[in-house]
Amino acid sequence: MDTRRADPTQGPALLLKTQVIPDMNLSSIKEQLLRQRADIERHLHETEGAKELEVVGRLSRANAFQARELAFQNEKRWSRELTRIDSALARIERGTYGYCALCDEEIAPGRLEANPAIPLCIKCAQTQSTPM
Ligand SMILES: [Zn+2]
């Protein structure tokens, strides 16, 4: 009896979903995300100022209204981006960074390079109605 025969219950180690994609430089990605985060927080701070803009000097009422509208829109956009960055950072902490938040497939490295906060693979991004 060959006792060295492979035990069928001990198959090859399954690739863990939590495994980080090998050639990804997580610390530099994290740095990049934190830098983006700081930028956005600065923008948000500036936006706060714009919203409280008083109708002063040459600025007409309409202009002030427009500036405030724009500030609100920017604030919404930045808040959304901030959420994405935070969840990307959380995924780095959990070791699931680089995998699609919907289907668990690997996100193409080029996509992550273009925007490290991106949460979805190209396929899922295309099926989403809102631009990610
Ligand atoms: Zn996907």
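As the structure is a prediction and not an experimental result, all values here were calculated from the model.

*Asks:* For the overall build of the protein chain, give the residues involved together with the corresponding values.
*Replies:* Tallying secondary structure elements over the protein chain gives 4 helices and 0 strands in all. Written out in order from the N terminus, the α and β elements of the protein chain read α-α-α-α. Counting every position in the protein chain, which comprises 132 residues, the buried fraction comes to 9%.

*Asks:* Mind laying out helix α2 (residues 61-94), listing which residues take part and the relevant values?
*Replies:* End to end, α2 covers 49 Å across 34 residues, agreeing with the expected 50 Å (1.5 Å per residue, within 8%). Of the residues flanking the end of α2, it is G95, one or two places downstream, whose phi is positive at about 85 degrees.

*Asks:* Which residues make up the nonpolar core, and what values go with them?
*Replies:* One finds I85, A88, Y97, Y99, I107, A117, I118 and C121 forming the largest nonpolar core, which totals 8 residues. Setting aside residues no more than four positions away along its own chain, A88 makes contact with L33, Y97, P116, A117 and P119.

*Asks:* Would you mind going over the environment of P119 in detail, with residue names and values included?
*Replies:* Structurally, P119 is set in the loop between α3 (109-114) and α4 (122-127). By C-beta crowding, P119 is classed as buried, having 20 other C-beta atoms within 10 Å. For the pair P119 and A101, spaced 18 residues apart in the sequence, the C-alpha separation amounts to 5.7 Å.

*Asks:* A description of the confidence of the model for the protein chain should follow, citing residues and the corresponding values.
*Replies:* Residues at a pLDDT of 70 or more form 72% of the protein chain, whose mean pLDDT is 80. Mean pLDDT values over the elements of the protein chain span from 88, in helix α1 (residues 26-51), up to 93, in α4.

*Asks:* Before we move on, could you go through the environment of C100 and cite the residues and values that matter?
*Replies:* Within the secondary structure, C100 sits in the loop between α2 and α3. Since 19 C-beta atoms lie within 10 Å of it, C100 is described here as partly exposed. Each C-alpha atom, one on C100 and one on I122, is 8.9 Å from the other, the two residues being 22 residues apart in sequence. With residues up to four places along the chain from it excluded, the contact list for C100 reads E105, I107, L120, C121 and C124.

*Asks:* Go over unusual backbone geometry, please, and point to the residues and values.
*Replies:* The residue D104 is not glycine, and still its phi comes out positive at about 70 degrees. Within the secondary structure, D104 is located in the loop between α2 and α3.

Rules used in this analysis
- Every chain is numbered independently, its residues counted from 1 as its sequence is written.
- The predicted origin of the model limits local features to residues at a pLDDT of at least 70 and limits the giving and counting of side-chain atom pairs to 80 or more, whereas totals for whole chains, interfaces and linings rest on all residues.
- By definition, any uninterrupted DSSP run of H or I lasting at least four residues is a helix, any uninterrupted run of E lasting at least two residues is a strand, and each is numbered from the N terminus.
- Think of it as a crowd count around each C-beta: if 20 or more other C-beta atoms lie within 10 Å the residue is buried, if 12 or fewer it is exposed, and in between it is partly exposed, with C-beta placed from the backbone throughout.
- Any helix carries an expected span of 1.5 Å times its number of residues minus one.
- What we call a nonpolar core is a set of buried Ala, Val, Leu, Ile, Met, Phe, Trp, Tyr and Cys residues whose membership is set by joining through C-beta atoms within 7 Å.
- Throughout, a residue-residue contact means that the two C-beta atoms, derived from backbone geometry, are no farther apart than 7 Å.
- The score called pLDDT rates the predictor's confidence residue by residue, from a low of 0 to a high of 100.

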